[in-house]
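A look at the structure
Letter by letter, the chains look like this.
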Amino acid sequence: MNIQSLLRSTVLGTTLLALVAGTAMAQTPAANQLSKLTPVTDDMLKNPPDSDWLMWRRTYNGWGYSPLAQINKDNVKDMQLLWSWGLTPGGTTQETPLVHDGVMYVQNSTHLIQALDASTGELLWQYQHRLPDGVSPNGQRTKALYGDNLIVATRDAHILAINAKTGKLVWDQQVADYKKGWAYSTGPIVANGVIVQGMTSCGNAQPGGCFFTGHDPKTGKELWRINTIARGDTPEGNSWNGVPVESRYGASAWIAGSYDPDQNLIFAGVGQPYPWPAVINGLLPKNPDPKYTNNALYTDSTLAIDPKTGKLVWHHQYLSNDTLDLDYVYERLLIDLPVNGQTRKTVVTSGKLGIVEAIDRVNGEWLWGKETVPQNVVSAIDPKTGAKTINPAVIPQIGQTTFNCPADPGGRAWQATSYSPKTRMLYMPTAEYCSNTVLNPLDQGQVYTGGGLATYNRVPVPNGDGKIGQVRAVNLDNRTDVWMYRQYAPITTSTLPTGGGLVFVGTLDRKLFAFDDTTGKMLWQSPSFTNSIESFPITYSSGGKQYVAVVTNWSSGLGRLKLLTPDIALPAHNPHEVYVFGLPNK
């Protein structure tokens, strides 16, 4: 059956099932798969089975790598669609399916949460979380498995525990009031027996910005809370140029962090200030009182957090006074790397500027940086501290149009980079484009009620080759470029390296590719999907067979670059679908 036929059948099936959703629905005989489920323990999270995908980037170190090798460079050319599952229409999704003991868990944008047989796609159960009126039906990027439960965060600022075998609600913890603009767009990480969840949607003028919380996995009870905007009469608290705490906005925790069990530390990113332009949010002009700086901590930083106590052990800020929506909130890769003749425990990440940076994960010391995409925002980087000198010509000013590369949604966006221990390479999806940027200032006496207050009119890179999307392979031992793939359409998924020597990635123009991980040669591509792919591909095995799964959907982020690629046709109603590939069944 072809992709289009499968789509019609599975969407119809899901639509009918959704009519009776709201309670768990065990099915037979596939329900026997549920009887094989084992509890997800702390030890299992530290060393997950090769067959499973238990958390957002599969492992605590955030690599997004799978050691599975049944599908490899020699036979990937034979890979074909084995099954698909239609998701409910409406809203957007950037879904990462999770798989444990042959059961796949997916969250629809409508917050219909489903368990599927990972070998066949047959429905095992489903649970519907009812969103209040006025809350957009948008999905989450991540979920978590722990003990007997699936842990899910919602767009109305709840955290749910759903029994992974039965689909029945175990507990429901409301963390914040959705009526005040609070919402989750990402799920938790479970570390040292604590659910750690970052709050998002903090550009809605919530005074004092966002926060992380820790929760008891048995009850959902909040154990601790740490703010992502510094406060108090301290150097950190005084880094907001004298702006009072109630007028400091933003600092969302958009992405689940990584965890180092040896140090018992979570490393998580924090987003940018709101509104974006510093001349509007109060960070410019500089306060003449020497007591104040205008770095705006802890925006655009890595926070090292003790998951048991919520204590902030250290922080490192990559971009101070971010005035262009160029946040550093993405995945944190925990890798031991050679630096100046010594092996250092590092955190590797990059923000929208596309500058890959490594810091020491013991003390937060900056180690090195490597530029990738064309950019004119940073004119210099201090080789000892990593502090960045900003080109004054790109700083937005009222009544002026400034030109900056890249612009939102970034030279790299929320699509995660990945790391392969086999090749010692980072695989990075990037995009090349610029913007003519104008401000939307508040009127005299107007109260800020949310939003970025800037408009990005995106344009191609001057004198570029017109190839907006890239996949880059970088050797992290010596920071050299190994290979690059370039194409017209943006790359809109995270990368997925495997033990079979492959790197999978998806595109705005509705394709999934497999590359040779050492040479960058394209070895396989899918037929065209019914929609673009803005999500996080995974691979897993069930019944001894390896599968590759990806969710399709036109969403946000790099999907907004369709204005630069108007000839790439996307469907009007944005159907969402889970596609699962593998080698032909014998």
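A short tour of the structure in this document, coming up. Just so it is clear, the model here is predicted, and its values are computed rather than measured. (Residues numbered from 1 in each chain as written. Predicted model: local features only at pLDDT ≥ 70, side-chain atom pairs only at ≥ 80, totals over all residues. Heavy atoms only, no water.)

1. What about the environment of Glu577?
Following the sequence through the fold, Glu577 ends up in strand 39 (residues 577–582). For Glu577, a relative accessible area of 0% gives the class buried. Separated by 2.9 Å, the side chains of Glu577 and Ser84 make a polar contact. (Helix = DSSP H or I, 4+ residues; strand = E, 2+ residues; numbered from the N terminus. Buried < 20%, exposed > 50% of the residue type's maximum accessible area, 1.4 Å probe, protein only. Polar contact = N/O pair within 3.5 Å; in protein donor to acceptor, adjacent residues only side chain to side chain.)

2. Remarks on the pairing of strand 18 (residues 301–305)
In terms of burial, strand 18 is a largely internal element, five of the five residues being buried. By the bridge criterion, four bridges tie strand 16 (residues 265–269) to strand 18 in an arrangement that is antiparallel. The residue of strand 18 that forms the bridge with Phe267 is Ala304. Relative to strand 19 (residues 312–317), strand 18 runs antiparallel, the two sharing five bridges. Note on strand 19: the bridge partner recorded for Thr302 is His316. Between strand 18 and strand 19, which pair antiparallel one after the other, the connecting turn spans six residues, and Gly310 there sits at a positive phi close to 80°. (Pairing = 2+ DSSP bridges.)

3. Regarding the sheet that holds strand 26 (residues 402–404)
Pairing is antiparallel in the open sheet, where three strands are placed in the order 26-29-30. The sheet is open, and its two edges are formed by strand 26 and strand 30 (454–459), each paired on a single side. The mean inter-strand angle of the sheet, taken between neighbouring strand axes irrespective of direction, is 30°. Sheet topology note: the strand 26/strand 29 (residues 434–439) ladder contains three bridges and is antiparallel. Bridging across to strand 29, Phe403 finds its partner in Asn436. (Axes fitted to C-alpha atoms, helices over the stretch in contact; angles between N-to-C directions.)

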